[in-house]
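These are the residues of each chain, in order.
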Amino acid sequence: MESIFHEKQEGSLCAQHCLNNLLQGEYFSPVELSSIAHQLDEEERMRMAEGGVTSEDYRTFLQVISNALKVWGLELILFNSPEYQSLRIDPINERSFICNYKEHWFTVRKLGKQWFNLNSLLTGPELISDTYLALFLAQLQQEGYSIFVVKGDLPDCEADQLLQMIRVQQMHRPKLIGEELAQLKEQRVHKTDLERVLEANDGSGMLDEDEEDLQRALALSRQEMDMEDEEADLRRAIQLSMQGSSRNISQDIPQTSGTNLTSEELRKRREAYFENHNSEVDEGKLSSADILLIQQQKQQQQKQQQQQGDLAGQSSHPCERPTTSSGALGSDLGDAMGEEDMLQAAVTMSLETVRNDLKTEGKK
């Protein structure tokens, strides 16, 4: 496509663009076309008027273009004229067409084996398929265009030689120059408006970023607080669980355990006490009265141990033992705690009584 010569519209020089695009080169300038216009005579004007068109401007441009093409041995024939239609020539077998509507002129030419619309109002050449060419020309006629067939041998050009060997493909149709300019202008306006909005929102944009950072920090702080609360709740649950376990353990321990331990200590102390006295008996330090008293105390001790064993058996069968008040249990504990003292006092009193009796008998 780059090898195709395509002049774009400049001012009102569409006739110049039409000829140069047809011949594929800068063959004509405004000065040369103006010189040709001055050489036109009346006879030629009359001959061109036979086409049925009466516009003075049309006759002038048509004569200028026709005389310019004669220099290259080319001739224009009206496409819808009876003379040409009688020939019944397929448009794809022609080499080029010149189309006109009011004051605009453009060329449709075959380069290599493909047809191209070389309208100077387009941003570039437009590829036309062979099947679409006849429809394209018919559409132009319906829109009011006058179509001329260019007869003769066109000068050689680089694009024609290149496209004889390769075929091109066009992905996007070229736009009209005015359409492209309008689109570019719209893009500039949109870009300008966007820049204004961005400039106006620079401060708010910074604020939005700061606000987002603040929201992130608050979210992280909430997460940390939630984790701390969860850890605190876990610690409380562990403490409560431990307290509950300690209560269960204390409840599972029999209330008589403290009493049993105290009674055991008292029993051991009594045994040690009597063992001490037994050693004294063995050594002959005590009298027969003392020995008798000690034996009585041992019997009392055995009875007390038997009673304690019965109480322990009842405590192991809670359903069979009678219920007792807390006051009664407290008094039993108090009696158990003072039993040793009472025993020691009783032994002391018995020893004093025995000594007194011995003294009395000695005096007699």
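Criteria and thresholds
- Residues numbered from 1 in each chain as written.
- Predicted model: local features only at pLDDT ≥ 70, side-chain atom pairs only at ≥ 80, totals over all residues.
- Heavy atoms only, no water.
- Helix = DSSP H or I, 4+ residues; strand = E, 2+ residues; numbered from the N terminus.
- Buried < 20%, exposed > 50% of the residue type's maximum accessible area, 1.4 Å probe, protein only.
- Contact = heavy atoms within 4.5 Å.
- Phe/Tyr/Trp six-rings, centres within 6.5 Å; stacked < 30°, edge-to-face > 60°.
- Polar contact = N/O pair within 3.5 Å; in protein donor to acceptor, adjacent residues only side chain to side chain.
- pLDDT = per-residue confidence, 0-100.
- Core = buried A, V, L, I, M, F, W, Y, C linked by side-chain atoms within 4.5 Å.
- Patch = residues over 30% accessible without salt bridge, like charges linked within 9 Å, V, L, I, M, F, W, Y side chains within 5 Å.
- Areas by Shrake-Rupley, 256 points an atom, 1.4 Å probe, with all protein chains shown as cover.
- Salt bridge = Lys/Arg side-chain N within 4 Å of Asp/Glu carboxyl O.

Colleague: Which parts of the structure should I look at to understand the side chain of Asn 119?
Modeller: By secondary structure assignment, the location of Asn 119 is in the loop between β4 (114-117) and β5 (126-128). Here Asn 119 falls in the buried class, since its relative accessible area comes to 9%. Residues contacting Asn 119, with those up to four places away along its chain left out, are His 6, His 104, Phe 106 and Thr 107.

Colleague: Sorry if this is basic, but what is going on with the packing of aromatic side chains here?
Modeller: Each aromatic ring pair is described using two quantities: the centre-to-centre distance and the angle formed by the ring planes. Applying the stated criterion across every chain yields a total of 7 aromatic pairs. Aromatic pair Phe 106 and Tyr 145: ring centres 5.8 Å apart, planes at 80°, arrangement edge-to-face. Placement of the pair is Phe 106 in strand β3 (residues 104-111) and Tyr 145 in the loop between α6 (130-142) and β6 (146-151), with a sequence separation of 39 residues. By relative accessible area, which is 3% here, Phe 106 ends up buried. Relative accessible area serves as the criterion here: at 18%, Tyr 145 is assigned to the buried category. By the ring-pair criterion, three or more aromatic residues cluster together here, those being Phe 79, Tyr 84, Phe 97 and Trp 115.

Colleague: What am I meant to see in the side chain of Thr 107 here?
Modeller: Looking at where Thr 107 falls in the secondary structure, it is placed in strand β3. For Thr 107, the side chain forms a polar contact with the main-chain oxygen of Cys 18, separated by 2.7 Å. Those residues in contact with Thr 107 that lie beyond four places of it in its chain are Cys 18, Leu 22, Phe 97, Ile 98, Phe 116, Asn 117, Leu 118 and Asn 119.

Colleague: Before we go on, may I ask you to explain the confidence of the model for the protein chain in this structure?
Modeller: Any segment with low pLDDT has predicted coordinates that should not be analysed in fine detail. The pLDDT averaged across the protein chain works out to 74; a share of 59% of its residues lies at or above 70. Residue range residues 252-260 is modelled with pLDDT below 50. Its contacts to residues more than four positions away, or to other chains, number 1 contact. In this model residues 316-337 is a low-confidence stretch, pLDDT under 50, and it forms 8 contacts with partners more than four residues away in sequence or in other chains.

Colleague: Help me understand the nonpolar core in this model?
Modeller: Across soluble globular proteins, nonpolar side chains have a tendency to be buried as a group. Membership of the largest hydrophobic core comes to 21 residues, with the highest contact counts inside it found for Ile 65, Leu 69, Leu 76, Ile 98 and Trp 105. Looking at this core, the elements that each hand over two or more residues are α1 (14-23), α2 (30-38), α4 (56-70) and β6. The leading source of residues in this core is α1, at 6 residues. In this structure, Ile 65 is in contact with Ala 15, Leu 19, Leu 76, Ile 98 and Trp 105, ignoring residues within four places of it in sequence. Residues Ile 77, Phe 97, Ile 128 and Val 149 belong to the second largest nonpolar core, which totals 16 residues.

Colleague: Is there a simple way to explain the environment of Val 150 in this structure?
Modeller: Tracing the chain through its elements places Val 150 in strand β6. Separated by 52 residues in sequence, Val 150 and Ile 98 have C-alpha atoms that sit 7.1 Å apart. Aside from chain neighbours lying at most four places away, what touches Val 150 is Leu 22, Leu 74, Glu 75, Leu 76, Ser 96, Phe 97 and Ile 98.

Colleague: Just checking my understanding: could you explain a nonpolar patch on the surface for this structure?
Modeller: Together, Tyr 27, Val 71 and Trp 72 line one region of the surface with nonpolar side chains, adding up to about 290 Å² of accessible area. By the element assignment, Val 71 lies in the loop between α4 and β1 (75-78). A relative accessible area of 64% places Val 71 in the exposed class.

Colleague: What am I meant to see in the environment of Cys 18 here?
Modeller: In this structure, Cys 18 sits in helix α1. Separated by 86 residues in sequence, Cys 18 and His 104 have C-alpha atoms that sit 9.1 Å apart. Each residue touching Cys 18, except ones within four places of it in the same chain, is listed here: Ile 98, Trp 105, Phe 106 and Thr 107.

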